[in-house]
Amino acid sequence: MATRGEHQTVPLSVLLKRELANEKIEKPDIVHGQASQSKKGEDFTLLKNECQRAMGDGVTTFSVYGLFDGHNGSAAAIYTKENLLKNVLNAIPSELNRDEWISALPRATVAGFVKTDKDFQEKARTSGTTVTLVIIEGWAITVGSVGDSRCILESAEGDIYYLSADHRLECNEEERDRITACGGEVGRLNAGGGAEIGPLRCWPGGLCLSRSIGDMDVGEYIVPVPHVKQVKLSTAGGRLIISSDGVWDALSAEEALDCCRGMQPEAAAAQIVKEAVQAKGLRDDTTCIVIDILPQEKPPPPPVPAPKKQVKGVLKNMFRRKSPESSSNTDREYVEPDVVEELFEEGSAMLSERLDTKYPLCNMFKLFMCAICQVEMKPEEGISIHAGSTYSGKLRPWDGPFLCLSCQEKKDAMEGKRPSGALTCGPVWIFS
């Protein structure tokens, strides 16, 4: 529509498209594939490309991939697949710009996992599920995980990174200490006569995992608070592999990556599952998702590092920092891949630590709403996440974020602070 003189109004969408076209670094192309062989029918996946989100500075897209490995039935896995992403996104204020949105994702992931678990347990279902949830926005990757499924990344440089944690009690000493500190017990199954068999388990209940969604009958020390890691890829891209324990019980990270070298994601996922089943047999549901994150100007074949840059037999768990030389040459034309940059990592099961934020609270959490379940509260009804905290310094009980009474009770139960005699235990189930 014409205005005074020769001026014309320009739709906001057009301006945003122009800004995107002028950006030096384009968003990556994302290609994925999945494969599985079923033993119990309790593995489920979530694959969502190009999800659109309105934000404070325009419209952006992101992709979501999830793997849900159920046990004692499929109810928890199905429910989590259908509700987890919605719960995570609802925990982020809608007016955030892109950078704020990415910064808010780790806290929102924690809130979304806990809400999903809380809602599912109210349905009185006894099944449980491990979860690995991956959200890709541009070159930023955010991974939230509970249980023993695993997400690994191979960067274009040939380095391997773990983006998830293993919450098996057998191999996680910190989780064993957390459970015993909260009042639970950790030990092997007593076969009689003093003999102990099988992996370490949490009692009451007998689950060999320390974190999951669901499992209402195996004690509240099994928590849904996820390990969250957030990284930023270089514009050279990389390959993600998300697999259930049916794969990782048979293959190492290097073996999984090497067996599908040069394959497209769909074929790569099928090959990984095939190799795992051949190695150990089909003893469990075996599921794999392969995701290639590629520069737009390069064709789809996954990035294959030059032989001289591969480090055989070494799994790099620590992220390398950028060197002064690499950071001073960011304006030059790309010649060699940059390193993967760590943005965030936290695995604590304490919500007072996980929902704390250095950003303004109004940017990370909606005012007068529970930081977990998003229920509206009157100003005097909310309970500070720091209430009863032993932390000193700037943390005060009247500072937010705030929880409703129901979510505060959930927090206390997970941390072993439920009043004496209030803990109830259902039947004892034994899961491998």
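Heads up: the structure comes first, above all this text.
Throughout what follows, the structure given in this document is the object of discussion. On a predicted model such as this, the values are computed, not experimentally measured, just so you know.

The rules behind the values
The numbering scheme is per chain: residues are counted from 1 as the chain's sequence reads. Selection of residues for local features in this predicted model requires a pLDDT of at least 70, selection of side-chain atom pairs for listing and counting requires 80 or more, and totals for whole chains, interfaces and linings are taken over all residues. The basis for the side-chain values is all heavy atoms of the structure; hydrogens and waters are excluded. Accessible area is worked out with a 1.4 Å probe on protein chains only. A residue is then buried under 20% of its type maximum, exposed over 50%, and partly exposed in between. Here a strand is any run of E in DSSP of at least two residues, a helix any run of H or I of at least four, and the numbering for each starts at the N terminus. Note: two strands are recorded as paired if DSSP finds a minimum of 2 bridges between them. Note on geometry: axes are C-alpha line fits, over the in-contact stretch for helices, and angles between N-to-C directions span 0 to 180 degrees. Each angle is binned into one of four classes, with values under 35 degrees roughly parallel, values over 145 roughly antiparallel, values of 65 to 115 roughly perpendicular, and all other values oblique. By definition, residues are in contact when any of their heavy atoms lie within 4.5 Å. Only Asp, Glu, Lys and Arg are considered charged, only Ala, Val, Leu, Ile, Met, Phe, Trp, Tyr, Cys and Pro nonpolar, and every remaining residue, Gly among them, polar. Any helix carries an expected span of 1.5 Å times its number of residues minus one. Here the bend at a residue means the angle between the axes of two seven-residue stretches, the one that ends at it and the one that starts at it. Counting of polar contacts relies on pairs of N or O atoms within 3.5 Å, with two restrictions inside protein: one atom must be capable of donating a hydrogen and the other of accepting it, and residues adjacent in sequence are counted only when both atoms are side-chain atoms.

1. Observations concerning the pairing of strand E12 (residues 238-243)
Regular strands place side chains that alternate from one sheet face to the opposite one.
Here is step 1: Along E12, six of the six residues are buried, which leaves the element largely enclosed by surrounding structure.
Here is step 2: Alternating positions in E12 separate into two faces, Gly238, Leu240 and Ile242 on one and Arg239, Ile241 and Ser243 on the other, with burial throughout.
Here is step 3: Two strands pair when backbone bridges link them, and strand E6 (residues 150-155) and E12 are joined in this way by six bridges, in the antiparallel orientation. Residue pairing across strands places Ser155 opposite Gly238, the latter belonging to E12.
Here is step 4: Strand direction decides the pairing type here: E12 and strand E13 (residues 286-294), joined by six bridges, are antiparallel. Note on E13: the bridge partner recorded for Leu240 is Ile291.

2. A closer look at the packing of helix H3 (residues 98-121) against helix H11 (residues 405-414)
Here is step 1: One can describe the packing of H3 onto H11 by two numbers: an axis separation of 12 Å at closest approach and a directional angle of 100 degrees. As the angle between them shows, H3 and H11 are arranged roughly perpendicular. Counting all contacts with H3, which are made through Val114, Asp117, Lys118 and Gln121, the residues of H11 involved are Ser406, Cys407, Lys410 and Met414.
Here is step 2: Each residue belonging to the contact of H3 with H11 can be placed in one class, and the counts come to three nonpolar, two polar and three charged.

3. Quick look at H3
Each turn of an α-helix holds 3.6 residues, which means side chains three or four residues apart point in the same direction.
Here is step 1: Relative to the 34 Å expected for 24 residues at 1.5 Å per residue, H3 spans 33 Å between its end C-alpha atoms, a close match to the ideal helical length.
Here is step 2: In the structure, H3 departs most strongly from a straight axis at Leu105, where the bend amounts to approximately 45 degrees and where the proline Pro106 lies between one and four residues downstream.
Here is step 3: Along H3, 21 of the 24 residues are buried, which leaves the element largely enclosed by surrounding structure.
Here is step 4: For H3, the capping residue at the N-terminal end is Asn97, with a side-chain oxygen 3.2 Å from the backbone nitrogen of Asp99.

4. Observations concerning the environment of Pro93
Here is step 1: As for its placement among the helices and strands, Pro93 is situated in the loop between helix H2 (75-90) and H3.
Here is step 2: Placed 15 residues apart in sequence, Pro93 and Ala108 show a C-alpha to C-alpha distance of 9.8 Å.

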